[in-house]
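# Summary of structural features
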Amino acid sequence: MTKEMDIGVAGLGVMGRNLALNIADKGFSLAVYNRHPDPVKEFAAAAGDKPVAACKTVEEFTRALKRPRRILMLVKAGVGVENTIAALKPHLEKGDILVDAGNEHFSVTERRERELSEAGIRYFGMGVSGGESGARHGPSMMPGGERAAYEELAPILTKIAAQHPDGPCVAYMGPGGAGHYVKMIHNGIEYGDMQLIAEAYDVLKNIGGLSNEELAETFSTWNQGELESYLVQITAHIFTVKDPEGQGQLLDAILDASSMKGTGTWTVQDAATLTAAIPTVASAVDARVLSSDKQGRVRISKVLPGPDPAKAAAVAQARGIDRKALVAAVRDALYASKLCSYAQGMNLLRLASIERKWDLDLPEIARIWQDGCIIRARLLSRIKAAFASDPQLPNLLLDPSLVEDLRGRQEGWRKVVSLAAEAGLPTLATSASLSYYDTIRRERLPANLIQAQRDFFGAHTYKRLDRDGDLHTEWSAGS
Ligand SMILES: NC(=O)C1=CN([C@@H]2O[C@H](COP(=O)(O)OP(=O)(O)OC[C@H]3O[C@@H](n4cnc5c(N)ncnc54)[C@H](OP(=O)(O)O)[C@@H]3O)[C@@H](O)[C@H]2O)C=CC1
Ligand SMILES: O=C(CO)[C@H](O)[C@H](O)COP(=O)(O)O
């Protein structure tokens, strides 16, 4: 088979094989290749009589494709992508499009784009979200690079994407690393959502005393309202899964130490570079880091004083807060905190777009996140509408309808944070969201003292409220 196949997929791991099957289902012919041969054989068997060239070598793979070639790489980030590029490059020609569809740091994508452009190869970075099932049945995709290359990929991408009433969940994000950048922010928001949900679970379980069955019911009910989202939906299901190796639910047997591959950390690093505040996402990364040292926590739990977690339930009882009221308060806290988290993520996108001249379209990004991806949520249609009606909106939370949402959730939100603090339950992300909210809405902050201290020890100067100019005081002379 030579020069016949519409597109190639290199890398048949979890994402690659599912995306390749999705492509085949949509009527495109494809060539597939994998570093080790077994996944290629397995794929050929799974594809049945679909037009697939299952290639054992990169030579065979590149020969099988129509020119200019369109190739999607779905391989491990970093060394996996470097190796795959090195293997493919000698067989590629001027005009071919090579897409990294994994998670990669946008700056690395831009470096590779520059390097490959010397050989005339159009290198492209595309974030793909939706996990295994999204890749198989329709993911959300965030492509970035040369626009003309996108136009050549679009007929396939729009067909394989999740199909939402507002359109396929794919759109051109911008030049260079814009696509991988938007996916990175998507993942930062994903970290925030997951940590907020985990904290809601902790409060409901330990202060409210809800069983796994009751938690499943609660999250299921929430998933029918404003909190409707993929992550809330799968959380409801997780509470119901029995432990195949013991009594009770599997969740209770899972080690409480979370891992990560790095996209959340990249988000926090870039936010720091752009001086953007993303406390909810940063707290979610911190929470994963802190959780990972299980042994250390067990040791410290015997040393540091604080409320006994076993008595957490007594805190709500002492305040006369019954279960129904607690569940409603936690729902409000989760929703309001989630709004803050999305506001931080969208603001970071706005700032990055200005800094790197990407011209990111915020309503369009919210649109393509409405289906197929891990952070798909009912809230995204509101976010899309907010930025569409006011493209200059300085902060998502200032959208008039969201201001009303936040007004109605104050009491529950503050109650949850204070109850958790009293009970000794950490709520890193929920508290960070509330403090973010209180910080941005507060006219006067204690930053005057920071300025005085900086000027005291380093003559860094300060400004006065009542006149212009950079001033310095000999502070110790006055003491
Ligand atoms: N899993 C998920 O839910 C999601 C993953 N992603 C991203 O998609 C990309 C692929 O992930 P996923 O499919 O889960 O990964 P898998 O681990 O399932 O597959 C990894 C693929 O990379 C290849 N590979 C690994 N190491 C090397 C290497 N050193 N040199 C060459 N090839 C290598 C593997 O080849 P071999 O079989 O020969 O080992 C395999 O084809 C990653 O960037 C990931 O972050 C994005 C969204 C969701
Ligand atoms: O990109 C993804 C989902 O959108 C991947 O599942 C990613 O690996 C999740 O990040 P982490 O492993 O750090 O939790």
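The rules behind each value
Residues numbered from 1 in each chain as written. Chains lettered and ligands numbered in written order. Predicted model: local features only at pLDDT ≥ 70, side-chain atom pairs only at ≥ 80, totals over all residues. Near = placed C-beta within 6 Å. Nonpolar A, V, L, I, M, F, W, Y, C, P; charged D, E, K, R; others polar. Core = buried A, V, L, I, M, F, W, Y, C linked by C-beta atoms within 7 Å. Buried ≥ 20, exposed ≤ 12 C-beta atoms within 10 Å, placed from the backbone. Helix = DSSP H or I, 4+ residues; strand = E, 2+ residues; numbered from the N terminus. Domains from an automatic or database assignment. Contact = placed C-beta atoms within 7 Å. Expected span 1.5 Å × (residues − 1).

## Remarks on the site of ligand 2
- In the vicinity of ligand 2, the contacting residues are Asn103, Ser129, Gly131, Asn187, Glu190, Met260, Lys261, Thr263, Gly264 and Ile374.
- Among the residues forming the shell around ligand 2, the class breakdown is two nonpolar, six polar and two charged.

## With respect to the nonpolar core
- Counting residues in each nonpolar core, the largest one holds 145 residues, and the members touching the most others are Leu30 and Val32.
- In terms of residues, this core owes the most to one element, helix H15 (residues 323-356), which gives 16 residues.
- For this core, the two domains that each supply at least three residues are domain 1 (7-172) and domain 2 (183-441).
- If sequence neighbours within four positions are ignored, Val32 has contacts with Val9, Leu12, Ala20, Val40, Phe43, Val52, Ala54 and Cys55.

## What to know about helix H21 (residues 447-458)
- When the terminal C-alpha atoms of H21 are compared, their 16 Å separation across 12 residues agrees well with the 16 Å that a helix rising 1.5 Å per residue should span.
- Counting buried residues along H21, only zero of its 12 residues qualify, which leaves the element largely exposed.
- Immediately downstream of H21, the backbone of Ala459 shows phi near 50 degrees, a positive value.

## Some points on the domain arrangement of the chain
- Considered domain by domain, the chain is made up of domain 1 (7-172), domain 2 (183-441) and domain 3 (447-478).
- Inter-centroid distance (C-alpha atoms) of domain 1 to domain 2 is 32 Å.
- Listed as interface residues are 20 residues of domain 1 and, on the opposing side, 14 residues of domain 2.
- Mapped by element, the contributors of at least two residues to the side of domain 1 that touches domain 2 are strand E6 (122-129), helix H6 (131-137) and strand E7 (140-144).
- Grouping the amino acids of the side of domain 1 that touches domain 2 by side-chain chemistry returns eight nonpolar, 11 polar and one charged.

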